[in-house]
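Residue-level listing of the chains:
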Amino acid sequence: MQIKQGSLPWLLRHELRLWWRTLRGKWFAIGLLIVLGLLTTLLLGIWLFAASQVTELQPWVFGELPPELLWPAVLGWFGLFCYAFVQALGQSAVVLGDRTDLDLLISSPVSSKVIFSSRLLSVAIEIFLGLAGFLVLPIGLAVLLGFIRLIGVFPTLFCLCLIAASLAMLIMLWLVQRLGAKKAQVVVQVLATALFALLFLGSQLPNLLLDQPQTRAIAQSITFLFQPGGLLSADSWLWLPARAMFCDPVGLLVTGLGTAGIVWLTITTLHQTFISGTQEPLTTKAQRPSLPPQRFQTNFNRVIVTKEWRMIRRNPYVISQVLFSVVFFIPLLVVLARDDQNQFASLGAIATTACPVLGISLVSGLALVCLNGEEAPDLLRSAPVSGLRIQRLKLLAILLPTWACVVPIAGILILQGEPWVPMVAVFVAATIHHALLRLWNARPVGLAGIATLQKRQNSSKDVVLSAVELVSYLGWLALAFQASRGNGLVVLALALVLAGALAIAYWRSRILGSTLGF
Amino acid sequence: MAIALQLVSLSKQFGSHQAVNHLTLEVPTGMLYAFLGPNGAGKTTTLRMVVGLLKPDQGDAIVLGQSITRSPKAAKQHIAYLPDEPMLYSKLRPLEYLEFVAGLWHIPARQAQPLAEELLHQFGLWEVRGDFCETFSRGMKQKLVLAGALIHSPQLMILDEPLSGLDVAAARLVKNILLDYVSRGNTVILTTHIMEIAQQMAQRIGIINHGQLIAEGTFSELQARSREQGETLEHIFLELVQSGAASDFQTEGQGAR
């Protein structure tokens, strides 16, 4: 069928074709999605089988939704929405701020409403297809087993993706108007990571919170909200989108109409404000700050290290990535820090376990700026300075701020009378080890576009480096944990494994040579 | 006259492709030398070997008496290199960039700071000294990189397409600065695809194709060797690289030296 040129379907086909071509290179991600889908289907099948053994499992085809199914549905809807919103934020940064074809489209005779509709729909469809690909097997199994109302998951999911994409695009537009495209992209990425980290922590709350009387008291104080007639009760209108997942007619109607309204509002806002309001802040420079007079330095070492620190300080995105990565480590730390009686271990043990992993994350982030992101390697190589000396100074620029982070923790341990030497020793060794790994095997990445999703992925193409870094990360985590428990022999064995990883990295650098260019 | 740059049978091969093929050339001090050639002729590869960014497979480049392969530090001390894409740091301000470059060439702060400020005034960048380089236009970036080259007072400046992407005013400023720099006894080697620039500015011109020097001399000498009299450099260049007359020119050129 011939699609009319310049129409919404024609433009949408163009957007989806670009997405499909990007996706084709990501076979690992697609494979992972399929495996996760199969795994979920298997788990659902086992659960349904086990449940049918202990209780009479009645597939509900008509009638009122059982309350015990509503709350998992609400949680599922919320989790899916957060995931879709995080994804949509990242994609909005690309489609509104990074895609160079937007100027081409806006300058063409195609209606801007059609352009923004296609952008919004493409973001929503891409996220929907990703989620649907994961859900199609388990939902299909449930439908085959008689839970036919679950077919409502898919229209609800599409509405959810449209709402998430609309909100994300409106936020992106607002940020672009206030900060300009480049800063908006960084802020959006930081926001997306923060949201994802919060969601992750939220999902881990049951593990993190001990069975404390205070926790129970708080829970009791808010139970009135869940009583019949309360704001959060089972019959509340707030849960209509979750009910729509079970083909509830009112839920489906309200969700559909609400989504259509939000989408219309978003497209109209984008249409009205983008051309008139957005272009101006992109080209208007911010007011220049009054600068203190700069004093040049003569000391070569200080010149190099100061330059690297300036580059680090002015790349908040990388630092935020590092700090948020620590968030994902917290639940694991809580598990590790508990002893056999489910009580927390000593402060020294916790610090010895946690700090090296924190240090490695920080080194990775700083190495991305100072090593992978070196923007003028030819300048360094054409200078009358030894490349080895520059490399050492760059390592110093990475390690000094990392080590500075551990000083207050060591101070607290000393004041508390806790053992601090193992923590500092493991921390210093881990950070040097990781910095050397990066120095010997790192590949260049474009620092200017590091906040955008596509360019960031360039750094992860080196499979061997990724594998060696994973071994290093897990190895140091295990070593730090064993060191906190005083298991000398295990520590020694792990140290040998880590030395092996370092040797592989060095050997590889001798074979392949450095591509960093300095 | 002293020799600023001497290439001795310089060669570089990438896989099966011979990028530079036993290139021999001398550039005297105190002149602007235009190094011309079609795309892929080996110009940039030659220049990158001269400044120590690429290791030659064979041969050597002697910069003011210092071999780039045997004593690279001493040779690099005299050179400034400006590639076609400006080597800048997006998150540094102009003065910070100049401080960094001065540091790389070990220029004392008391000498570098006033010179850096003077250069920013001269290049019209003083007003934007508080901005990051990432906000600069291509012309501003090119001017800042040129200021970075001048801050360590090199005796030989090597520029790869220095005028591409510059507006009229910026191009004139750069040309004037380069001519003034040469008039003070320094040497400039530049590549360009704009023949008028080479014809107007260069004292000597070298034309390279397939990694070999096919003609070399002043514009008048190249005109004299052409089949037709009174031709422009553009015509001579095209005649050389397209008509297969290279061998005649090369023989005559080598004979003339």
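Our subject is the structure listed above.
The structure contained in this document is the topic of the report that follows. (Residues numbered from 1 in each chain as written. Chains lettered and ligands numbered in written order. Predicted model: local features only at pLDDT ≥ 70, side-chain atom pairs only at ≥ 80, totals over all residues. Heavy atoms only, no water.)

## Section: the packing of aromatic side chains
So, step 1. In total, this model carries six aromatic pairs over all chains according to the counting rule given.
So, step 2. Ring geometry for Tyr89(B) versus Phe100(B): centroids 5.4 Å apart, planes at 90°, classification edge-to-face. Of the two residues, Tyr89(B) is situated in the loop between strand 6 (79-82) and helix 3 (94-104) and Phe100(B) in helix 3; the sequence distance between them amounts to 11 residues. By the burial criterion, Tyr89(B) is buried, and Phe100(B) matches it.
So, step 3. Directly above the aromatic system of Phe100(B) lies the positively charged group of Lys307(A), at a separation of 5.0 Å from the ring centroid. (Phe/Tyr/Trp six-rings, centres within 6.5 Å; stacked < 30°, edge-to-face > 60°. Helix = DSSP H or I, 4+ residues; strand = E, 2+ residues; numbered from the N terminus. Buried < 20%, exposed > 50% of the residue type's maximum accessible area, 1.4 Å probe, protein only. Lys NZ or Arg CZ within 6 Å of the ring centre and 35° of its normal.)

## Concerning helix 12 (residues 300-313) of chain A
All names here are of chain A.
So, step 1. A rise of 1.5 Å per residue sets the reference length of helix 12, with its 14 residues, at 20 Å; its end C-alpha atoms lie 20 Å apart and thus fit the reference within 8%.
So, step 2. Of all the positions in helix 12, only Phe-300, Val-303, Ile-304, Val-305, Lys-307, Glu-308, Arg-310, Met-311 and Ile-312 are classed as buried.
So, step 3. Here helix 12 starts with a cap whose side-chain oxygen sits 3.0 Å from the backbone nitrogen of Asn-301, and that cap is Asn-299. (Expected span 1.5 Å × (residues − 1). Polar contact = N/O pair within 3.5 Å; in protein donor to acceptor, adjacent residues only side chain to side chain.)

## Structural notes on the pairing of strand 2 (residues 17-28) of chain B
So, step 1. The pairing of strand 1 (residues 3-14) of chain B with strand 2 of chain B spans eight bridges and is classified as antiparallel. By the bridge assignment, Lys12(B) is partnered in strand 2 of chain B with Val20(B). (Pairing = 2+ DSSP bridges.)

## Some words on the pattern of salt bridges
So, step 1. Scanning the model with the defined rule gives 18 salt bridges over all chains in all.
So, step 2. Between Glu308(A) and Lys307(A) there is a salt bridge, with the nearest N and O atoms lying 3.0 Å from each other. Grouping residues by exposure puts Glu308(A) and Lys307(A) together as buried.
So, step 3. Among the ionic pairs, Glu216(B) bridges to Arg204(B), the shortest N-O distance being 3.0 Å. (Salt bridge = Lys/Arg side-chain N within 4 Å of Asp/Glu carboxyl O.)

## A word on the sheet that holds strand 7 (residues 156-160) of chain B
Residue and element names in this part refer to chain B.
So, step 1. Read across the sheet, six strands follow the order 6-7-8-3-9-10 without closing on themselves; strand pairing throughout is mixed. Looking at which strands have only one partner, the edges of the open sheet turn out to be strand 6 and strand 10 (212-217). The sheet shows a mean angle of 15° between the axes of neighbouring strands, direction not considered.
So, step 2. As judged from the five bridges shared by strand 9 (residues 204-209) and strand 10, these two strands associate in the antiparallel manner. In the strand pairing of strand 10, Ile-208 is matched with Leu-213.
So, step 3. Running over the sheet, helix 6 (residues 168-183) touches strand 3 (32-36), strand 7 and strand 8 (187-191) and is turned about 145° from strand 8. (Axes fitted to C-alpha atoms, helices over the stretch in contact; angles between N-to-C directions. Contact = heavy atoms within 4.5 Å.)

## Some details on the environment of Trp507(A)
So, step 1. For Trp507(A), the position within the fold is in helix 20 (residues 488-512).
So, step 2. Placed 67 residues apart in sequence, Trp507(A) and Trp440(A) show a C-alpha to C-alpha distance of 9.0 Å.

## Here's the deal with the side chain of His434(A)
So, step 1. By the secondary structure assignment, His434(A) is in helix 17 (residues 421-441).
So, step 2. Leaving out residues up to four positions away in the same chain, His434(A) has contacts with Ile360(A), Val363(A), Ser364(A), Glu469(A) and Ser472(A).

## Digging into a nonpolar patch on the surface
So, step 1. A cluster of nonpolar residues, Leu32(A), Leu36(A), Leu39(A), Leu42(A), Leu43(A) and Ile46(A), forms a patch on the protein surface that exposes about 570 Å² of accessible area.
So, step 2. Inspection of the secondary structure assignment puts Leu36(A) in helix 2 (residues 27-54). (Patch = residues over 30% accessible without salt bridge, like charges linked within 9 Å, V, L, I, M, F, W, Y side chains within 5 Å. Areas by Shrake-Rupley, 256 points an atom, 1.4 Å probe, with all protein chains shown as cover.)

## A look at the nonpolar core
So, step 1. Of all hydrophobic cores here, the largest spans 98 residues; its most connected members are Leu379(A), Leu104(B), Leu146(B), Met157(B) and Leu178(B).
So, step 2. Residue contributions to this core peak at eight residues, all from helix 14 (residues 347-372) of chain A.
So, step 3. Setting aside residues no more than four positions away along its own chain, Leu146(B) makes contact with Leu82(B), Phe123(B), Met157(B), Leu159(B), Val174(B), Ile177(B) and Leu178(B). (Core = buried A, V, L, I, M, F, W, Y, C linked by side-chain atoms within 4.5 Å.)

## Some thoughts on unusual backbone geometry
Trans peptide bonds make up most of the peptide bonds, and negative phi angles are found at most residues other than glycine.
All names here are of chain B.
So, step 1. We note that Leu-64 has phi near 45°; this positive angle belongs to a residue other than glycine.
So, step 2. Topologically, Leu-64 is positioned in the loop between strand 4 (58-63) and strand 5 (66-67).
So, step 3. The class for Leu-64 is partly exposed, based on a relative accessible area of 24%.
So, step 4. The backbone of His-210 sits at a positive phi, close to 50°, despite the residue not being glycine.
So, step 5. Position of His-210 relative to the elements: it lies in the loop between strand 9 and strand 10.

## Some thoughts on the packing of helix 14 of chain A against helix 16 (residues 387-416) of chain A
All names here are of chain A.
So, step 1. In the contact formed by helix 14 and helix 16, the axes pass within 9 Å of each other and the chain directions differ by 160°. As far as their axial angle goes, helix 16 and helix 14 are roughly antiparallel. The crossing of helix 14 and helix 16 is right-handed. Residues Leu-347, Gly-348, Ala-351, Cys-355, Gly-359, Leu-362, Val-363, Leu-366, Ala-367, Cys-370 and Leu-371 of helix 14 lie in contact with helix 16, whose contacting residues are Lys-394, Ile-398, Leu-399, Pro-401, Thr-402, Cys-405, Val-406, Ile-409, Ile-412, Leu-413 and Gln-416.
So, step 2. By residue class, the composition of the contact of helix 14 with helix 16 is 17 nonpolar, four polar and one charged. (Parallel < 35°, antiparallel > 145°, perpendicular 65-115°, else oblique. Left-handed = near helix turned anticlockwise from the far one by under 90°. Nonpolar A, V, L, I, M, F, W, Y, C, P; charged D, E, K, R; others polar.)

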